[in-house]
Amino acid sequence: MIARASELFLPTLREPPADAEAASHQLLVRGGFIRQVGAGLWTFLPLGWRVHQNVVQIIREEINAIGGQEMLEPVLTPAELWKTSGRIGIPIVFKLKDRAGRDYVLPFSHEETMTFHARELQSYKQLPQVWYHFSTKERDEPRPRGGLLRVREFIMKDSYSFDRDEAGLDRSFEAHRGAYERIWERCGLEAYYVEAESGIMGGRESSGFMAPAESGENILVRCENGDYYADYDAARGIPRTPDFPDVLDRPDEIETPGVATIEALADFIAIDPAATSKAMPVMVGERPVLALIRGDDRLSEEKLVTVLGEAYRPMTDDEIRAVFGAGGGSLGPVAVTIDVVADEALREGQFVAGANRDGWHLRGVEAGRDYQPEFADIRQANAGDTCPLCGGKLLEEPAIELGHIFKLGTFYSLRFDATFLDEDGQEKPLVMGSYGIGPARTMAAIIEQHHDDKGIQWPASVAPYDVHVVVIPGMEEHAQSLADELSADGLEVLLDDRDARAGEKFADADLIGCPVRVTVGRKIAEDGTVDVRERAKGEDMAVSVGELVSTVREKLS
């Protein structure tokens, strides 16, 4: 196939958008791959859509190889399905009504719809099943950024496994893990399998895949010894031991006028911030819950959602006052009548906590003695924490989340009454998994790892075209002949036949980033050679016309 640049919609730019910080954002716009319609809304232009579909095809082949069956679910979804799952209240869900007043959502994932259809599975003899689709998703993202990295509308491959038991789910999960690792390898990506949080997706366990990238919107936490990798929200780290004050037999009340922050509290009573506790009051539906972490830590919202089993929101000032009888700066776990979820770091030692009385705190508050919490890991690990596996130091680096795989278990099947008749004659809920990849994010990650100051360096597996033929004026007939030979051999060719200066064509070729460039200049008439350049290496080599096809094939392999 030959595409002529003179006929393509290929609006390349010399300068990136003023708001573009990520390399992938800059180069996708400059190279004429995408254009912005609104905040977080992008059009894929012809070149960009070709790359997107190349990524899609790699994903499709690998999911088909593990037994995936492709289908397509609608984007417009009855809100009743999301009410059934309990996810209707999640803030990022777009909600709308039709002309008759019926409620709908525009989903960011399709667990509800897939489970709705899975109710037609009736017998263990029909299991396991793996269903998937490539579908448009919508997300009411409050802060779109980074081009394709954080958007409001995107296409996602989401697949769903349906098994009879946990052992079957484990097999489906591992099959997807292997498929994903092959996808990243075929896309030319350096990616790590990491611990992750299920969060608003539900279920008991999840893992992710992250690609290191300077402009990544996520943080990869890894051990300096290379034996532990985790997403920032899920990372487990062992914090330093606090410098505790003397042990008290019972909590001791101390007046702290005007003190409303941990920093102010630590300064006021001359104590290590790590020896204080920080109260985070939230509402889980209509149920108030107090999350408690160490004063020098940050709460992992994703971990807390996993522990609570559903989304939550911070309490309002009025709700805080009604539940605790005090303002937000003086809250603590002693003598409260609501559930308390305390971070594991608070399990041992005595901490300073709010007294639930404005302007007062308590010294010597001890979990188990003075309050009875549910313990869970809800803190965000920090760089410098100790690795939970080997005792090494944890490091942080920016990264892009490429994909996420979840062990949903029976979270959705129980809510939708999606059951099957097992071999023992018992009716049992389907055991589910969910597995997502964003092709557009994958494109962005590829660029973040494969570019230079001139433009993109696409791996051959996803490039918009295999070879970019640049024609020097006067050599059009020779170039057409060579392009025909390359195309006849099954290669996809971009023929730059525009009436433009050679320098402009070379700059665009570097910017667009096809893996091989062939320059047809005067040498073809003088000695029968053309210049062939691998985009990733940037060096020309003279190749005879008779050896051009085999040379290009070799460089693409």
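The following refers to the structure shown. The shown structure was predicted, so the numbers you read here are calculated from the model rather than taken from an experiment.

Let us look at the environment of Ile 446. Structurally, Ile 446 can be placed in helix 10 (residues 439–449). Taking the C-alpha atoms as reference points, Ile 446 and Gln 457, separated by 11 residues in sequence, lie 8.8 Å from one another. In this structure, Ile 446 is in contact with Cys 187, Leu 189, Trp 458, Pro 459 and Val 462, ignoring residues within four places of it in sequence.

In this section: the pattern of salt bridges. A complete count under the given rule lists 47 salt bridges for this structure. Linking Arg 321 and Asp 358 is a salt bridge whose minimum nitrogen-to-oxygen distance equals 2.7 Å. Taken as a pair, Arg 321 in helix 8 (residues 317–324) and Asp 358 in the loop between strand 19 (350–354) and strand 20 (360–366) lie far apart in primary sequence, 37 residues in all. A relative accessible area of 40% places Asp 358 in the partly exposed class. Each of the salt bridges in this network shares a partner with another, and the network as a whole consists of Arg 164, Asp 422, Glu 423, Asp 424 and Lys 428.

Let us look at the nonpolar core. Grouped together as the largest cluster of nonpolar side chains are 56 residues, with contacts concentrated most on Leu 28, Phe 33, Tyr 180, Ile 183, Trp 184, Leu 402 and Trp 458. At 7 residues, the largest contribution of residues to this core is made by helix 2 (residues 46–65). Residues within four places of Leu 28 in sequence aside, it is in contact with Phe 33, Ile 34, Leu 148, Met 443, Ile 447 and Trp 458. Ranked by size, the runner-up nonpolar core spans 24 residues in total, among them Ala 79, Ile 90, Val 105 and Leu 430.

On to the layout of surface pockets, then. Its boundaries defined by the atoms lining it, the second largest pocket holds a volume of some 300 Å³. Contributing to the lining of the second largest pocket are 18 residues, with Gly 237, Ile 238, Pro 239, Glu 344 and Ala 345 lying nearest its centre.

In this chain, Leu 127 is followed by Pro 128 through a cis amide linkage whose omega measures 5°. Inspection of the secondary structure puts Pro 128 in the loop between helix 4 (111–118) and strand 8 (129–138). The backbone phi angle of Ala 270 is positive, close to 55°, even though this residue is not glycine. With respect to the helices, strands and loops of the structure, Ala 270 is situated in the loop between helix 6 (262–269) and strand 15 (277–284). Ala 270 sits in the exposed class, given a relative accessible area of 69%. Despite not being glycine, Asn 356 has its phi angle at roughly 55°, a positive value. You can see Asn 356 is positioned in the loop between strand 19 and strand 20.

Another point: helix 11 (residues 476–488). One turn of an α-helix holds 3.6 residues; hence residues three or four places apart share an orientation. An ideal rise of 1.5 Å per residue puts 18 Å on 13 residues; helix 11 measures up with 18 Å between its terminal C-alpha atoms. Here helix 11 has its buried residues at Ala 479, Leu 482, Ala 483, Leu 486 and Ser 487. Buried residues in helix 11, looked at end-on, bunch into an arc of 135°, giving them a common side. Of the exposed residues in helix 11, those oriented more than 90 degrees away from the buried face are Glu 477 and Ala 488. Note on helix 11: the residue one or two positions beyond its end, Gly 490, has a positive phi of about 95°.

Further remarks concern the pairing of strand 3 (residues 41–44). In this sheet, strand 3 lies alongside strand 2 (residues 34–38) in antiparallel orientation, the contact comprising 4 bridges. By the bridge assignment for strand 3, Gln 36 is matched with Trp 42. Following strand 2, the chain reverses through 2 residues before pairing antiparallel with strand 3; Gly 40 in that reversal takes a positive phi of roughly 75°.

Structurally, Ser 300 is set in the loop between strand 16 (287–294) and helix 7 (301–308). Since its relative accessible area comes to 0%, Ser 300 is described here as buried. From its side chain, Ser 300 meets the backbone nitrogen of Lys 303 in a polar contact 3.2 Å long. Ignoring sequence-local partners within four residues, the contact set of Ser 300 consists of Asp 233, Ile 378, Arg 379 and Gln 380.

What follows concerns the packing of aromatic side chains. If you walk through the whole model with that rule in mind, you get 13 aromatic pairs. A ring pair is formed by Phe 44 and Trp 49, whose centres lie 5.9 Å apart and whose planes are at 65°; its orientation type is edge-to-face. The exposure class assigned to Phe 44 is partly exposed, which follows from its relative accessible area of 23%. Aromatic side chains Tyr 180 and Trp 184 sit 5.9 Å apart centroid to centroid with 75° between the ring planes, which places their arrangement in the edge-to-face category. With Tyr 180 and Trp 184 both in helix 5 (residues 166–186), this residue pair falls 4 residues apart, about one helical turn. For the pair formed by Tyr 180 and Trp 184, the shared burial category is buried. Every member of this aromatic cluster is reached through a ring pair, and the members are Tyr 180, Trp 184, Tyr 193 and Phe 209. Its end group placed over the ring of Tyr 193, Arg 177 keeps NZ or CZ at 3.7 Å from the ring centre. The ring of Phe 411 has Arg 415 lying over it, and the distance from NZ or CZ to the ring centre is 3.9 Å.

Rules used in this analysis
Residues numbered from 1 in each chain as written. Predicted model: local features only at pLDDT ≥ 70, side-chain atom pairs only at ≥ 80, totals over all residues. Heavy atoms only, no water. Helix = DSSP H or I, 4+ residues; strand = E, 2+ residues; numbered from the N terminus. Contact = heavy atoms within 4.5 Å. Salt bridge = Lys/Arg side-chain N within 4 Å of Asp/Glu carboxyl O. Buried < 20%, exposed > 50% of the residue type's maximum accessible area, 1.4 Å probe, protein only. Core = buried A, V, L, I, M, F, W, Y, C linked by side-chain atoms within 4.5 Å. 1 Å grid on protein atoms, 1.4 Å probe; cavity = no way out; pocket = protein on both sides within 12 Å on 5 of 7 lines; lining within 4 Å. Points joined across faces, edges and corners; volume = space filled by probe spheres on them. Expected span 1.5 Å × (residues − 1). Arc of directions from axis to C-beta. Pairing = 2+ DSSP bridges. Polar contact = N/O pair within 3.5 Å; in protein donor to acceptor, adjacent residues only side chain to side chain. Phe/Tyr/Trp six-rings, centres within 6.5 Å; stacked < 30°, edge-to-face > 60°. Lys NZ or Arg CZ within 6 Å of the ring centre and 35° of its normal.

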